[in-house]
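Chain and residue survey
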Amino acid sequence: MEFDQRSPVYLQVIRWFKERIATGEFVGGQEIPSRRALAAELGINPNTAQKVYKEMEEQQLITTERNVPSRITTDPQVVERVRSELLSEAVAEFVTAVQAIQVPLDEVMSTVQNVYHTNERGELDA
Amino acid sequence: MLEVHGLHKKYGRKRPVLQGVSFTVPPNQLTCLIGLNGEGKSTILKSIMGLIPLDAGTIVVDGEMSRERIAFVPDLSTMPGYMTVGDAILYMEDFYPDWNQKTAEELMAFFKLLSTDKISDLSKGNKAKVNLLLGFSLDRPYLLLDEPLAGIDLFTKEQIAWIFSSHYMEGRGILMTTHEIAEVEHLIDRVVFLQDGKIIHEDDAEEMRELYGKSVQDRMREVFQR
């Protein structure tokens, strides 16, 4: 995993999990690696892995019971919350970028639709 | 906690190198000591180990004035070149009661070193791996690493940096000096800045990113390019 050196590593790793939860790559109830295994797999400090799991427990993204591996949440509301959070973040970033170059909204929308469909077709061809 | 209090050191008639250096190395964390060349980083590590006499200062390890709980990995191999990796391991095993043979064997396999490799024939990167193997195989709660990544190619650096995300970090407070911040930036817990013989800042790396959006390198530029 490549890291942005200017944002906290634990937040980047949580985001990595959220993306996989939102797309269904990680399904509800799925076991996740131990803290130790996660640190080694992603090449992060074991303390950071510890913080990632603690934070994800607080955000109810994972559940942990004594002596068994942590699991991805089975709560559909949490998954929906993660999806809408990622969407809002991406849109907010995008809107800031297009507002900076002062493009009218209707032109933005039609361009978005074109690019969205072109990308989708590209994915089907690939 | 490894506590360094008021280190003073002057070599001959020159300007003093250390002028009251104080900082801490918490357990279970990777602390990086950063300073420009000639600021006395190696002098600090060596004086913590008692390898060079200090003019003043104390080292306290978990409340005791004893260095038995600290392991030191120097930047150059201290093992005679005619030894093989296997000889060096046997020597350490004989000499140190807290030697962990299991860790040594695991790290030898991970670093793809052979016990028959002669130390003097090894590349710089492989010598650094032997040094780390010897240091991490001592079961001690504190470990000092002097420039473990200096002069090593990128690929080997990545292999070496792996150890900082491994379970071999558990139960160890590590103090490391390095100029190769880019490779380990995301692995460091704390940064201690040394300038003009004093510690001028102690920062938590994640906090620096979270509160100020700054990388360790950004912070270095701020601190040293004044």
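Fair warning: this is a prediction, and the values are worked out from it, not measured in the lab.

On to the sheet that holds strand E4 (residues 56–61) of chain B, then. Residues and elements named next belong to chain B. Strand order in the open sheet made by the three strands is E2-E1-E4, with antiparallel pairing throughout. The sheet is open, and its two borders are formed by strand E2 (18–25) and E4, each paired with just one other strand. Direction aside, neighbouring strands of the sheet carry axes that sit 10° apart on average. Taken together, the six bridges between strand E1 (residues 2–9) and E2 define a ladder with antiparallel strand orientation. Each bridged residue has a counterpart across the sheet, and for Leu7 the counterpart in E2 is Val21.

Attention now moves to helix H7 (residues 205–212) of chain B. All names here are of chain B. Every buried residue of H7 is accounted for by Ala205, Glu206, Met208 and Arg209. For H7, the angular spread of buried residues about the axis comes to 165°, placing them on one side. For H7, exposure combined with an orientation more than 90 degrees from the buried face picks out Leu211 and Tyr212. Where H7 begins, one side-chain oxygen reaches toward the backbone nitrogen of Glu206, 3.1 Å away; that side chain belongs to Asp204.

Glancing now at a nonpolar patch on the surface. All names here are of chain A. Together, Phe94, Val112 and Tyr116 line one region of the surface with nonpolar side chains, adding up to about 290 Å² of accessible area. Mapping Val112 onto the fold places it in helix H5 (residues 105–125). Under the relative-accessibility criterion, Val112 is labelled partly exposed at 33%.

Basis of the calculations
Throughout this document, residue positions are counted from 1 along each chain, in the order its sequence is written. Each chain gets a letter, beginning with A, and each ligand a number, beginning with 1, in the order they are written. Thresholds applied to this predicted model are a pLDDT of at least 70 for local features of residues and 80 or more for the giving and counting of side-chain atom pairs; totals over whole chains, interfaces and linings are not thresholded and use all residues. Side-chain measures here rest on the full set of heavy atoms in the structure, leaving out hydrogens and waters. Two strands make a pair as long as DSSP finds a minimum of two bridges between them. Counting from the N terminus, the helices are the DSSP runs of H or I reaching at least four residues and the strands are the DSSP runs of E reaching at least two. Only the contacting stretch of a helix is used when fitting its axis, a line to C-alpha atoms as for every element, and angles between N-to-C directions run 0 to 180 degrees. Exposure is judged per residue with a 1.4 Å probe applied to protein chains only, and the accessible area is read against the type maximum: over 50% gives exposed, under 20% gives buried, and values in between give partly exposed. The directions considered for the arc run from the helix axis to the C-beta atoms. Between N or O atoms, a polar contact is any pair within 3.5 Å; within protein, one atom must be a potential hydrogen donor and the other a potential acceptor, and residues adjacent in sequence are included only when both atoms are from side chains. Candidate patch residues must exceed 30% relative accessible area and have no salt bridge, after which like charges are joined if within 9 Å and Val, Leu, Ile, Met, Phe, Trp or Tyr side chains if within 5 Å. For every accessible area listed, the method is Shrake-Rupley and the probe measures 1.4 Å; residues are considered covered only by the protein chains on display. Criterion for a salt bridge: a side-chain nitrogen of Lys or Arg within 4 Å of a carboxyl oxygen of Asp or Glu.

Everything listed is a geometric property; what it means functionally is a separate question.
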